[in-house]
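Listed below, chain by chain, are the residues.
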Amino acid sequence: MRIPKGKITISIVNCFITALLILSSCASAGKIREIRSIEGITEYRLDNGLQLLLFPDPSKDTITVNVTYHVGSKHENYGETGMAHLLEHLLFKGSKNHPNITKELTDRGADTNGSTWFERTNYYETFRASKENLNWAISMEADRMVNSFVAQKDLDSEMTVVRNEFERGENSPWRILYQRIYATAFDWHNYGNSTIGARSDIENVKIENLKAFYKKYYQPDNATLIIAGKFEQKTALDIVNKTMGKIKKPSRTLPSLYTTDPTQDGERQLTLRRSGGEKVIAAAYRIPSGSHKDFAALNVLATVLGDSTSGLLNKNLVEKSLATSIFAWPNQQKDSSLIYFNATADLDTDLNKTETALLATLENTSKNPITETQVARAKRKLLKEINLGFNNSQSISIDLSEWIGIGDWRMIFINRDRLESVSLEDVRRAAKKYLVSSNRTMGRFIPTRSPKRAVMPKQPNLEKLLAGYKGRKAIAPGEAFETSLQNISERQRKSQNAGLKIATVPIKTRGESVYFELRMGLGNEDSLQNKAHIAELAASMLLKGSQRYSREALQDEFDKLKTEVRFSNDAQGVYVQVETTRKNLNKAINLVHEVLTTPTFPEKEFALLKSKILSKLKSDKTDPQSIAIDTVFSHLNTYPKGHVFHRPNFSEQISGVSSVTRNQLKQFYSEHYGGDDLQIGIVGDFSRRNIEQQLEEVFSDWRNESEYIREARRYQNAETKTRVIQTPDKKSAFFIAAKNLNLTLQHRDAPALTIASRILGGGFITSRLASRIRQKDGLSYSIASVLRLHKVDRNAQWFTYAISSPENAEKVHAAFTEEMEKVIRHGFTQEELDAAIEGFLNTAKVRRGNNQRLAKTVRDYFRDGYSFYEEIEMHNKIRNLDLEEVNEVVKKYLTPSTLSVVKAGDF
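Residues numbered from 1 in each chain as written. Predicted model: local features only at pLDDT ≥ 70, side-chain atom pairs only at ≥ 80, totals over all residues. Heavy atoms only, no water.

Enquirer: Teacher, can you tell me more about the overall build of the protein here?
Expert: Scanning the protein from N- to C-terminus turns up 34 helices and 23 strands. At 28 Å, the protein has a C-alpha radius of gyration in line with the 29 Å of a compact globule built from 907 residues. Here the C-alpha coordinates of the protein stretch approximately 75 × 70 × 60 Å along the principal axes. By residue count, 62% of the 907 residues in the protein fall in the buried class. Excluding contacts between residues fewer than 6 apart, the proportion of contacts in the protein whose partners are at least 24 apart in sequence is 83%. In the protein, the 129 positive side-chain charges and the 110 negative ones have mean positions that sit 3 Å from each other. (Helix = DSSP H or I, 4+ residues; strand = E, 2+ residues; numbered from the N terminus. Rg over C-alpha atoms; globule rule 2.2 N^0.38 Å. Buried < 20%, exposed > 50% of the residue type's maximum accessible area, 1.4 Å probe, protein only. Contact = heavy atoms within 4.5 Å. Lys, Arg positive; Asp, Glu negative; His and termini not counted. Charge placed at Lys NZ, Arg CZ, Asp CG, Glu CD.)

Have a look at this one:
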């Protein structure tokens with residue numbers, strides 16, 4: 001379940017006074033016992049059985065509260081599949097003392113989500129760090145734990161929303177194939193049932209069953225509360241004890257699950273025939289529990305085989321045009337699960353040849369042995385991701401839910417330790433033991449005289465495995481930095497030398513992490529004429545090889561530096577986003593400079609990239625969401641074909657990408673790439689003087705051949721248009737309504753329009769449109785409104801979208817129109833305005849706590865001559881908005897009759 005944002009105001013004193021009234025099942029708060037502390041995470045246990053993990057991180061200006069219940073789809077009974085996920089939805093519908101949880105989350109600007117998996121369900125919210133907010137979040141979760149409504153009226157509306165979510169998954173070829181393979185691989189275990197559940201169960205489950213499931217599993221002795229971020233430990237312990245600590249330990253005993261599948265005794269195969277734009281083939285093999293020692297070797301094996309850059313499947317399938325993309329997923333679960341290998345191919349590919357190459361790669365490693373170099377590369381990549389993850393307490397606090405589901409939160413460290421010690425022999429042994437034909441599920445059954453078995457080892461005794469484990473020294477925390485606009489502005493420094501603009505915000509961060517973003521300006525209106533596809537492919541090829549390094553070698557170098565790098569582009573720019581550490585920043589910059597200044601555009605890599613892009617475009621041509629978005633925004637774009645800002649439709653994209661040659665890329669690069677217009681933003685742990693000096697030195701002699709002239713995007717007065725598009729055999733439909741607006745972020749109407757859009761469809765699912773179309777009518781899983789405003793260009797856009805079942809698409813359109821006309825006739829309420837303003841400002845605060853986003857912001861502001869003081873002024877205008885201003889902008893700009901509408905689906 002994908003969920004947006006929120007906030008409420010409850011005084012801490014009042015919360016403590018009424019603590020006994022908050023919970024229906026209460027007792028006196030008991031003692032909190034400290035159990036252990038590992039690498040900065042301290043475990044506590046309450047008398048009622050609640051497990052508590054505290055992870056202080058003063059370098060964050062936010063707090064994340066994550067409650068993980070030790071229950072998921074594995075615990076469902078016959079006729080009740082999908083019940084855990086459905087219950088997850090219902091727990092956002094309110095509880096005894098928090099009847100409108102979604103509004104509270106929206107008002108506090110929280111980044112929030114809920115999710116369900118096989119063995120766990122979790123709910124988290126990230127919000128601005130304060131004692132009041134922490135008290136609110138824990139009190140809300142305590143009330144939600146035992147006092148949620150779980151009401152029939154909510155089930156009636158939410159069942160259709162979950163069914164819509166089910167239908168969305170049915171549109172994805174690889175996802176539905178994945179579900180079918182799991183269903184075929186398991187005879188008895190509930191891993192064979194998808195978490196979303198059977199449609200018949202979703203539609204018919206009884207509210208009494210949901211209530212019984214809730215009361216049985218949503219209890220303190222079956223939950224782990226995780227708190228991470230900027231807070232005082234004593235304060236957190238006091239709040240937890242006075243809220244969750246008062247919930248009684250239940251008298252019931254939870255059942256012990258014991259169902260396991262027998263050793264697989266032969267290949268299994270299935271064929272799925274559905275509408276789609278690409279072919280997919282997959283092979284899955286049974287593997288042991290995620291806590292078993294073999295799993296680390298299997299994880300490395302999956303990377304050796306399935307890495308999209310250096311994996312053997314990429315070499316043997318993608319590079320030989322037998323597939324357009326591949327991936328490998330070792331599913332780490334509490335019980336024996338699957339390692340999954342997937343290959344996607346275009347419609348013209350002979351899938352028999354793809355299957356032969358796939359199985360030859362997976363099951364013939366004895367003939368083509370895995371090498372020490374391949375294992376070392378895979379370990380570097382996996383450990384780099386783990387090490388970077390440990391620098392972010394928010395990510396770790398959420399990731400811990402998965403390890404709790406596997407059996408114990410400490411497994412996150414055991415897994416890292418095991419990965420470090422994996423040897424070449426371990427990987428070869430795992431491949432030989434588990435990647436055998438009789439252990440494979442692909443869809444066909446073939447008997448054999450002497451079947452080879454892959455016997456699953458027993459799940460380890462976690463108590464014995466983890467006894468005495470201490471972990472390592474905790475990563476050093478960063479500084480406590482308040483991310484107000486004033487503080488950021490005062491900490492920021494800008495420097496400019498010719499075409500190089502550098503904006504820096506040094507912050508002492510956890511793990512000395514640092515984020516770096518570069519933008520390079522490209523050409524002008526004349527030089528970029530008819531070159532949009534060439535520009536896109538040129539940027540996509542930058543990481544495919546340089547004068548010193550091949551694509552694989554470049555990936556290896558970045559992995560050695562524990563650095564993530566991404567390249568992208570827009571009409572007039574190339575972007576580089578880098579995540580690294582203080583220790584490696586200088587070397588990472590030098591490597592990025594090498595990638596930018598010495599690309600070789602290898603012929604083989606170019607052919608593979610074109611094939612992958614074209615395959616994706618052809619697949620998108622059958623997807624309702626992609627078609628609707630492409631249609632409406634192509635219509636709103638009135639720039640002529642060939643112009644740098646023209647938006648090509650699918651046919652133009654396919655034709656354009658197909659016609660690009662490697663020589664055109666090389667010529668485009670030599671004419672347009674250079675350092676005449678570079679903006680760089682850096683946020684995190686670094687030496688300002690050293691970095692500025694290095695950047696000026698490496699980019700000083702890199703010049704453009706074609707002059708860069710920034711072209712302003714202009715307002716386009718497109719006519720209003722409505723279209724209905726048929727997409728046969730697709731189980732969900734997409735509705736979108738949009739228009740162009742002739743204003744900028746600095747326009748006098750911008751503050752009011754920003755808040756109007758948030759009231760209509762922003763924040764959490766309590767917006768006007770979501771309350772009507774999702775909450776009340778139960779027509780759509782996802783609905784939102786989006787306002788795009790540029791700081792200087794008059795090319796604003798507003799749009800709203802909703803996903804529904806095809807039979808409900810017209811109802812969605814009618815409900816949207818009716819709700820918009822209500823707003824125009826009667827306006828918003830003062831309560832809506834106050835909540836939206838508070839939620840907007842809190843959301844902005846939470847987003848500023850993301851250093852990666854902040855690096856982009858400071859770079860972007862420097863480019864456009866915009867300052868944080870102008871943002872402060874904008875926020876002040878938003879604070880002082882009156883209701884009449886906001887109601888007037890809706891009438892002025894957002895009348896339904898002025899919107900272009902597209903609906904796509906199987907009608």
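Enquirer: What exactly am I supposed to notice about the packing of aromatic side chains here?
Expert: Remark: the centre distance and the inter-plane angle together describe each pair of aromatic rings, the angle taken between the planes. Per the stated rule, a full pass over the model turns up 32 aromatic pairs. Relative to Tyr191, the ring of Phe186 has its centre 5.8 Å away and its plane inclined at 85 degrees; by these criteria the two rings are edge-to-face. For the pair formed by Phe186 and Tyr191, the shared burial category is buried. Consider the rings of Tyr214 and Tyr218, whose centres lie 5.4 Å apart with planes at 45 degrees: the pair is tilted. Take Tyr214: its relative accessible area is 4%, and that puts it in the buried class. By relative accessible area, Tyr218 is classed as buried at 1%. A network of ring pairs unites the aromatic residues Trp117, Phe118, Trp174, Tyr178, Tyr182, Phe186, Tyr191, Phe327, Trp329 and Tyr340 as a single cluster. Directly above the aromatic system of Phe92 lies the positively charged group of Arg144, at a separation of 4.8 Å from the ring centroid. The side chain of Lys494 reaches across the aromatic face of Phe862, ending 5.4 Å from its centre. (Phe/Tyr/Trp six-rings, centres within 6.5 Å; stacked < 30°, edge-to-face > 60°. Lys NZ or Arg CZ within 6 Å of the ring centre and 35° of its normal.)

Enquirer: Would you mind going over the side chain of Asn342 with me for this structure?
Expert: Mapped onto the elements, Asn342 comes out in strand β11 (residues 337-345). Ignoring anything within four residues of it in the chain, the contact list for Asn342 reads Trp174, Val280, Ile281, Ala282, Ser325, Ile326 and Phe327.

Enquirer: So what exactly am I meant to see when it comes to unusual backbone geometry here?
Expert: Across the chain, the bulk of peptide bonds are trans and the bulk of non-glycine residues have phi less than zero. If you check the backbone angles, Lys562 has positive phi at about 50 degrees while not being a glycine. With respect to the helices, strands and loops of the structure, Lys562 is situated in the loop between α21 (551-560) and β16 (564-570). With relative accessibility at 36%, the residue Lys562 sits in the partly exposed group. A positive phi is found at Asp729, a non-glycine position, where the angle reads about 65 degrees. Its place among the elements puts Asp729 in the loop between β19 (722-726) and β20 (733-741). Residue Asp729 is classed as partly exposed on the basis of its relative accessible area of 35%.

Enquirer: How should I be thinking about the sheet that holds strand β21 (residues 780-788) in this particular structure?
Expert: Pairing between the strands of a sheet is mediated by backbone hydrogen bonds and can be parallel or antiparallel. With mixed pairing, 5 strands are arranged side by side in an open sheet as β19-β23-β20-β22-β21. Here the strands that pair on one side only, and so sit at the sheet edges, are β19 and β21. Shown here is a sheet whose adjacent strand axes are inclined to one another by a mean of 10 degrees, direction ignored. Sheet topology note: the β20/strand β22 (residues 796-804) ladder contains 9 bridges and is antiparallel. (Pairing = 2+ DSSP bridges. Axes fitted to C-alpha atoms, helices over the stretch in contact; angles between N-to-C directions.)

Enquirer: Where do I start with the packing of helix α3 (residues 83-90) against helix α6 (residues 152-170) in this structure?
Expert: The packing of two helices is summarised by the inter-axis angle and the distance between the axes. Running from amino to carboxyl end, α3 crosses α6 at an angle of 120 degrees, the nearest separation of the two axes being 10 Å. Here α3 is positioned oblique relative to α6, judged by the angle of their axes. As for the relative orientation of α3 and α6, their crossing is right-handed in sense. Every residue of α6 that contacts α3 at His85, Leu86, His89 and Leu90 is listed here: Asp154, Leu155, Glu158, Met159, Val161, Val162 and Glu165. In the contact of α3 with α6, the residues fall into 6 nonpolar, 2 polar and 3 charged. (Parallel < 35°, antiparallel > 145°, perpendicular 65-115°, else oblique. Left-handed = near helix turned anticlockwise from the far one by under 90°. Nonpolar A, V, L, I, M, F, W, Y, C, P; charged D, E, K, R; others polar.)

Enquirer: It is not clear to me how the pairing of β21 should be interpreted in this structure. Could you clarify?
Expert: Where a strand is regular, its side chains alternate between the two sheet faces. With 7 of 9 residues buried, β21 is to be regarded as a mostly interior element. The pairing of β21 with β22 spans 8 bridges and is antiparallel. When the bridges of β22 are listed, Ser782 appears paired with Ile803.

Enquirer: Looking at this structure, how should I read the side chain of Asn584?
Expert: Positionally, Asn584 belongs in the loop between β17 (573-581) and α22 (585-597). Classification of Asn584 by relative accessible area gives buried; the value is 10%. A polar contact of 2.9 Å, which involves the side chain of Asn584, links it to the backbone oxygen of Leu561. Sequence-distant contacts of Asn584, defined by excluding residues within four places in its chain, comprise Leu561, Lys562 and Thr563. (Polar contact = N/O pair within 3.5 Å; in protein donor to acceptor, adjacent residues only side chain to side chain.)

Enquirer: Would you take a moment to explain the pattern of salt bridges for this structure?
Expert: Close approach of charged atoms allows side chains of opposite charge to pair. Under the counting rule described, the total for this entry stands at 69 salt bridges. In this structure, Glu557 and Lys560 form a salt bridge, with 3.3 Å as the shortest nitrogen-oxygen distance. Here Glu557 and its partner Lys560 are both found in helix α21, 3 residues apart, which amounts to about one turn of the helix. A relative accessible area of 22% places Glu557 in the partly exposed class. Residue class for Lys560 comes out partly exposed when judged on its relative accessible area of 48%. Two residues, Lys903 and Glu810, come together in a salt bridge whose shortest N-O distance is 2.8 Å. A residue pair is termed long-range when its members are at least 10 positions apart, and Lys903 in strand β23 (residues 900-905) and Glu810 in helix α30 (residues 809-826) qualify at 93 residues. In this structure Lys903 comes out as buried when scored by relative accessible area, which is 5%. Counted as one network, the salt bridges with shared partners bring together Glu517, Lys791, Lys856, Arg859, Asp860, Arg863 and Asp864. (Salt bridge = Lys/Arg side-chain N within 4 Å of Asp/Glu carboxyl O.)

Enquirer: Help me understand the packing of helix α28 (residues 750-761) against helix α34 (residues 883-893), please; the structure alone is not making it clear to me.
Expert: At their nearest, the axes of α28 and α34 sit 8 Å apart, and the two run at 85 degrees to each other. Classified by the angle their axes make, α28 and α34 are roughly perpendicular. Listed contacts from α34 to Ala752, Leu753, Ala756 and Ile759 of α28 are Glu885, Val886, Val889, Val890 and Tyr893.

Enquirer: Please explain the nonpolar core as it appears in this structure.
Expert: Core analysis: the biggest nonpolar cluster contains 115 residues, and Leu210 and Ile227 have the highest contact counts within it. Take this core: its biggest share by element is 8 residues, from helix α5 (residues 131-147). Residues within four places of Ile227 in sequence aside, it is in contact with Leu52, Leu53, Leu54, Phe55, Ile63, Thr64, Leu134, Ile138, Ala236 and Val240. Membership of the second largest hydrophobic core comes to 70 residues, among which are Met541, Ile613, Leu617 and Ile803. (Core = buried A, V, L, I, M, F, W, Y, C linked by side-chain atoms within 4.5 Å.)

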